[in-house]
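Structural overview for review
Each chain, letter by letter, is given below.
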Amino acid sequence: MSVYWNRRARGLSPYVPGEQPRDRKLIKLNTNEHPYPPSPKVAEAITAVLAEGAERLRRYPDPACTELREAVARRYGVGPEQVFAGNGSDEILAFVFGAFFEGAPEPSAASAKPDAEPVLFPDITYSFYPVYAKLWDIPFCAVPLAEDFYLHAEDYCVPSCGVILPNPNAPTGRALAVRELLPLLSYQLENRRIVVIDEAYAAFGAESLIPCVNEYPNLLTVHTLSKSASLAGLRVGFAIGNENLIEGLCRIRDSFNSYTVDRLAQAGAAAALSDTAYYDGVNRQVAATRDRVSAALTGMGFIVIPSAANFIFVRSPDMAGADFFARLRERGILVRHFNKPRIADFLRISIGTGGEMDALLEECKELI
Ligand SMILES: *Cc1c(COP(=O)(O)O)cnc(C)c1O
């Protein structure tokens, strides 16, 4: 706490990212990074920019990320005007809260309604959502998931200033089919409210809502290259939706920083998007490892939530979550524990290489 912080800085409760240990001997299964390298085309594209000489870095990058947005548009069969690119999807999510969800009215405002409508998201979900809501002073309502962490989309068919949810959800890994989400999109469309679907993990086994963006002008899908394109270090994400939604995001970005995606990142990301054959292969491999590890852990007596993502959410039959976490760490395996109501006994375990997951299974067998 500092006397120089303003009320906003004092009131924040910042997101705490998973640890990036310096100790390279740890098997790192805590931040959902991809176990396999990015497409070789990424390094080629970045090297090509550098080979053009320092001249290329002397200039600002294209603020509109035109080539990158065209690569997204080609890959997903949409128009470039339906695409927004950002510095990781976290930045895009921050802009989403700023552009589309209504802040609380000033208490003194004459027209203030007593209860501002909240933005809706699940009680167990990506923990950055409440952080952004507080940053922008937006009231929110954390809608409880069912006992088995199933998300009932009809729970979100209530008055609100908008809805945001990940599909698959994080950290549970559970996914909904598109048909389960369409009634929610329709309800909120009638009420002129936006529905934002965070598809950070969709490439590992969930249906994407991208094909619905033309039919639902209130739908925005948000994507990242960090997980499914093995590019967490490059910091690139994108959003797809109606042109007017994209313009809303641009208005926030251009009131903040016009050049959020650097020249090397734009080139590398566009190259990654063009190499679908490579990524289909490695992502299928991650999904196969996930299913094998889930079955093995279930066989040993662990509770494993059915996952469509590149991580699993696991509870030990006899160890508290904090214990389970500490004992895996002692054995050189780093996973993620959220010390929060309802999920304190679960660990989120990212899917690593086959060899890393064999080591995990070995340790789990000894612990049980
Ligand atoms: C990892 C993650 C993101 C953020 O990804 P970046 O593009 O690396 O900022 C967004 N949403 C969810 C649900 C995630 O798990």
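Check the entry above for the structure.
Below is a short write-up of the structure. (Residues numbered from 1 in each chain as written. Predicted model: local features only at pLDDT ≥ 70, side-chain atom pairs only at ≥ 80, totals over all residues. Heavy atoms only, no water.)

Across its full length, the chain holds 12 helices and 13 strands. Across the 368 residues that make up the chain, the buried fraction comes to 50%. In the chain, the share of contacts with a sequence separation of at least 24, taken over all contacts with a separation of at least 6, comes to 73%. Between the averaged position of the 37 positive side-chain charges in the chain and that of its 44 negative side-chain charges there is a distance of 4 Å. (Helix = DSSP H or I, 4+ residues; strand = E, 2+ residues; numbered from the N terminus. Buried < 20%, exposed > 50% of the residue type's maximum accessible area, 1.4 Å probe, protein only. Contact = heavy atoms within 4.5 Å. Lys, Arg positive; Asp, Glu negative; His and termini not counted. Charge placed at Lys NZ, Arg CZ, Asp CG, Glu CD.)

With that settled, the discussion passes to the pattern of salt bridges. According to the stated counting rule, one finds 11 salt bridges in the structure shown. The partner of glutamate 52 in a salt bridge is arginine 56, and the shortest N-O contact between them spans 2.5 Å. Residue classification places glutamate 52 among the partly exposed residues on the basis of a relative accessible area of 49%. Between glutamate 363 and arginine 331 there is a salt bridge, and its shortest N-O distance comes to 3.1 Å. Note that glutamate 363 is positioned in helix H12 (residues 354-367) and arginine 331 in the loop between helix H11 (321-330) and strand E11 (333-334), a separation of 32 residues in sequence. The exposure class assigned to arginine 331 is partly exposed, which follows from its relative accessible area of 32%. (Salt bridge = Lys/Arg side-chain N within 4 Å of Asp/Glu carboxyl O.)

One pass over the full model with this rule turns up 20 aromatic pairs. When the ring of tyrosine 15 is compared with that of tyrosine 126, the centres are 5.8 Å apart and the planes differ by 65°; the resulting orientation is edge-to-face. Placement of tyrosine 15 in the loop between helix H1 (7-11) and strand E1 (27-28) and of tyrosine 126 in the loop between strand E3 (119-122) and helix H6 (128-135) is noted, with a sequence separation of 111 residues between them. Exposure remark for tyrosine 126: the relative accessible area of 18% places this residue in the buried category. Ring centres of tyrosine 126 and phenylalanine 128 lie 6.0 Å apart, and the angle between their planes is 65°; on these two criteria the pair is classed as edge-to-face. We classify phenylalanine 128 as buried; its relative accessible area is 15%. (Phe/Tyr/Trp six-rings, centres within 6.5 Å; stacked < 30°, edge-to-face > 60°.)

Here arginine 253 lies in helix H8 (residues 243-253). Relative accessible area serves as the criterion here: at 7%, arginine 253 is assigned to the buried category. Contacts of arginine 253, omitting those with residues within four sequence positions, involve Pro63, Phe84, Ala85, Phe95, Ser258 and Thr260.

What follows is about the packing of H11 against H12. At a minimum axis separation of 11 Å, H11 and H12 run at an interaxial angle of 125°. In terms of orientation, H11 and H12 fall into the oblique class. For the pair H11 and H12, the sense of crossing is right-handed. Listed contacts from H12 to Phe324, Arg327 and Leu328 of H11 are Leu360, Glu363, Cys364 and Leu367. (Axes fitted to C-alpha atoms, helices over the stretch in contact; angles between N-to-C directions. Parallel < 35°, antiparallel > 145°, perpendicular 65-115°, else oblique. Left-handed = near helix turned anticlockwise from the far one by under 90°.)

Judged by pairing direction, the sheet is antiparallel, and its 4 strands sit side by side in the order E9-E10-E13-E12 without closing on themselves. In this open sheet, the two strands that pair with only one neighbour each are strand E9 (303-304) and strand E12 (336-337). Bridge count between strand E10 (residues 311-315) and strand E13 (residues 346-350): 5 bridges; the pairing is antiparallel. Its bridge partner being in E13, valine 314 is matched across the sheet by leucine 347. Lying on the sheet, helix H10 (residues 276-300) is in contact with E9 and E10; it crosses E10 at an angle near 5°. (Pairing = 2+ DSSP bridges.)

What follows concerns the site of the ligand. Around the ligand, the neighbouring residues are Gly88, Ser89, Asp90, Leu93, Tyr126, Asp198, Ala200, Tyr201, Thr224, Ser226, Lys227 and Arg235. Contacts to the ligand include arginine 235, whose side-chain N or O atom sits 2.7 Å from an oxygen atom. Burial of the ligand by the protein amounts to 93% of the accessible area it has alone, namely 390 Å². Sorting elements by how many residues they give to the shell around the ligand places helix H5 (residues 88-100) first, with 4 residues. Tallied by class, residues from the shell around the ligand come to 4 nonpolar, 4 polar and 4 charged. (Near = heavy atom within 4 Å. Polar contact = N/O pair within 3.5 Å; in protein donor to acceptor, adjacent residues only side chain to side chain. Areas by Shrake-Rupley, 256 points an atom, 1.4 Å probe, with all protein chains shown as cover. Nonpolar A, V, L, I, M, F, W, Y, C, P; charged D, E, K, R; others polar.)

Listing the buried residues of H11 in full gives Gly321, Phe324 and Leu328. One face of H11 carries all of its buried residues, which in axial projection span an arc of 65°. Buried-residue contacts for H11 involve E10, E11, E12, E13 and H12. Downstream of H11 by a residue or two, glycine 332 has a phi angle that is positive, lying close to 85°. (Arc of directions from axis to C-beta.)

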